[in-house]
Amino acid sequence: MISVTPSILVISVLNPNARVFDVIMRTEYGTSYNSYVVLGSEKIALIEAAHPDFLDVYFAHLGDALGDRVPDYLVLNHTEPDHTGTVAALLERYPDLKIVVSRPGSLFLKSIVNRDDLDCLIVGDGDTLDLGDKTLQFISAPLLHWPDTMFTYCPEERTIFTCDFLGAHFCEPETFDTKVSHRAAYLSAAQHYFDGIMSPFMPSVRDGLEKLGALDIDYACVSHGPILTRGCELERQIKRYAEWSADVARTRPLVPVFYCSAYGNTAALAERTCAGIRAAAPQADVELYDLIEYDLDELRALMNASDAFALGTPTINRNALPVVWELLAGIDGVNFAKRPVAVFGSYGWSGEGVPRVAEHLASLKANVFEQQLRVKFVPTKSDLASAEDFGRAFAEAIS
Ligand code: FEO
């Protein structure tokens with residue numbers, strides 16, 4: 001058990017062997033699930049719980065932190081199961097524990113603990129909770145990265161509990177940023193984390209930073225990775241988030257062309273589609289991206305930042321390739337509607353890859369280009385010319 005301040009303890013469940021998080025995100029440096037205990041003179045609050053796979057470790061650490069004391073509140077800054085998977089067990093151990101959560105969080109939580117009768121203390125932006133000589137102040141921060149997200153601030157300790165915001169999937173035995181031994185690896189993990197978790201919600205990131213900027217903060221108690229302290233990574237991480245989320249006014253439309261290719265045939269179509277878009281839209285930034293050659297989180301961020309994009313896939317087993325679906329799994333569903341998208345690809349036997357991807361994108365309310373370019377096996381010169389026409393027509397349709 002480690003103290004952040006004399007009244008704030010951190011319970012850090014370490015998972016150094018995690019290599020995939022939330023099923024889809026690589027975690028090269030493992031992760032930790034951090035939760036906290038705030039000791040007020042009258043009341044005790046827990047902040048966040050833990051992943052259900054680590055229930056025994058979590059309870060062991062919690063016992064070390066609390067001793068015979070019984071917590072009064074459990075504050076959940078959002079309800080994703082890596083921080084709420086132990087809530088049902090906590091309620092069994094502490095039946096009088098009052099859960100403090102945002103209104104949308106209370107609805108999610110009922111289905112996570114499967115208790116319709118769960119009676120939460122619902123808090124909104126600006127509400128406070130009195131622990132005696134400590135206060136918890138709640139700050140609404142929706143879509144960072146769940147709809148129910150909020151921050152919790154303890155002004156007496158100048159400490160903010162940001163849950164996922166500003167965190168990193170990075171597992172060090174030491175809990176604080178001052179103790180990080182491989183700083184370059186930490187920075188890489190922090191950017192990867194931002195790209196994968198926060199980048200789909202850039203306006204919300206900027207709102208969150210503005211709210212933090214109004215506070216006097218010595219510690220940012222994140223739910224993954226090292227705690228950020230003033231004078232070490234706190235200011236730097238906030239500055240990095242500001243840079244990464246900057247609303248750069250683009251003077252040129254961004255129209256990436258993504259593809260994967262088994263034998264170079266979809267690649268050839270991608271090149272000519274790209275050439276067609278460039279010819280018809282010389283004012284646009286149009287680049288080719290082979291899904292196998294790039295970091296998928298970077299490409300997902302690019303896709304979400306784009307004004308339009310084209311996507312090429314072969315067909316294997318009557319479907320698009322897994323890497324195509326992996327890319328599309330990162331679509332920002334909040335801001336994706338009406339995004340112009342064109343789909344193309346080479347196939348050998350039946351060719352379902354292209355229409356399946358187009359159908360999926362339409363279901364996400366994309367503006368799917370009515371033409372679909374499909375070529376059997378190796379593109380002929382005529383097919384390549386058609387690919388260029390396809391790209392040109394797509395560009396003209398979105399200009
Ligand atoms: Fe770490 Fe969104 O949960």
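Keep in mind it's a predicted model, so treat the numbers as computed, not measured.

Participant: For the overall build of the protein chain, give the residues involved together with the corresponding values.
Facilitator: Helix and strand counts for the protein chain stand at twelve helices and 21 strands. Once the C-alpha set of the protein chain is aligned to its principal axes, its extents read approximately 80 × 40 × 40 Å. For the protein chain, the proportion of its 399 residues judged to be buried stands at 55%. Counted over contacts in the protein chain with a minimum sequence separation of 6, partners at least 24 positions apart contribute 70%. Put simply, the protein chain has 33 plus and 54 minus side-chain charges, and the middle of one group is 5 Å from the middle of the other.

Participant: How would you summarise the pairing of strand β21 (residues 373-376) if you had to cite specific residues and measurements?
Facilitator: In regular strands, side chains alternate between the two faces of the sheet. Side chains of β21 alternate between two faces, with L373 and V375 buried and R374 and K376 left unburied. Inspection of the sheet shows strand β19 (residues 340-347) paired to β21 by four bridges, in the parallel sense. Pairing of F344 across the sheet is with L373, part of β21.

Participant: Quick one: what's the story with the side chain of S223, residue by residue and with numbers?
Facilitator: Following the sequence through the fold, S223 ends up in the loop between β14 (219-222) and β15 (228-229). Accessibility expressed as a relative area gives 0% for S223, which makes it buried. Not counting chain neighbours up to four residues away, the residues in contact with S223 comprise S32, Y33, N34, H83, C163 and D164.

Participant: Which residues make up the sheet that holds β15, and what are the values?
Facilitator: Strand order in the open sheet made by the six strands is β10-β11-β12-β13-β14-β15, with mixed pairing throughout. Looking at the sheet topology across the chains shown, the edges are occupied by β10 (128-130) and β15.

Participant: Provide a residue-level description of the pattern of salt bridges, including the pertinent values.
Facilitator: Summed over the entire model, instances satisfying the criterion amount to 20 salt bridges. Across the pair D247 and R206 runs a salt bridge, and its minimum N-O distance is 4.0 Å. One end of the pair, D247, is in the loop between α7 (233-244) and β16 (257-259); the other, R206, is in helix α6 (residues 202-213), with 41 residues separating them in the sequence. Given a relative accessible area of 27%, R206 falls into the partly exposed group. Because the salt bridges share partners, they merge into one network encompassing R158, D216, D218 and R230.

Participant: Explain helix α8 (residues 265-280) to me, using residue names and the numbers behind them.
Facilitator: Across its 16 residues, α8 extends 23 Å between first and last C-alpha, which sits within 8% of the 22 Å expected from 1.5 Å per residue. For α8, every residue scored as buried is listed here: N265, T266, A267, L269, A270, T273, C274, G276 and I277. Against β16, β17 (288-290), β18 (309-312), β19, β21 and α12 (381-398) lie the buried residues of α8.

Participant: Report on unusual backbone geometry, specifying residues and quantitative values.
Facilitator: Look at the link from L144 to H145: it is a cis peptide, with omega at 5°. Secondary-structure assignment places H145 in the loop between β11 (135-140) and β12 (150-154). The phi dihedral of K338 is positive, around 75°, even though this residue is not glycine. Along the chain, K338 turns up in the loop between α10 (322-328) and β19.

Participant: Describe the pairing of strand β8 (residues 98-101), naming the residues involved and giving the relevant values.
Facilitator: Taken together, the three bridges between strand β7 (residues 73-75) and β8 define a ladder with parallel strand orientation. Directly across from V75, in β8, lies its bridge partner V100. As paired elements, β8 and strand β9 (residues 121-122) share two bridges and run parallel to each other. Looking at the pairing, V100 lines up with L121 of β9. Handedness of the β8-helix α4 (residues 103-113)-β9 crossover: right-handed.

About the thresholds
Residues numbered from 1 in each chain as written. Predicted model: local features only at pLDDT ≥ 70, side-chain atom pairs only at ≥ 80, totals over all residues. Heavy atoms only, no water. Helix = DSSP H or I, 4+ residues; strand = E, 2+ residues; numbered from the N terminus. Buried < 20%, exposed > 50% of the residue type's maximum accessible area, 1.4 Å probe, protein only. Contact = heavy atoms within 4.5 Å. Lys, Arg positive; Asp, Glu negative; His and termini not counted. Charge placed at Lys NZ, Arg CZ, Asp CG, Glu CD. Pairing = 2+ DSSP bridges. Salt bridge = Lys/Arg side-chain N within 4 Å of Asp/Glu carboxyl O. Expected span 1.5 Å × (residues − 1). Right-handed = clockwise from strand over helix to strand, strands pointing away.

Structural measurements only, silent on function.
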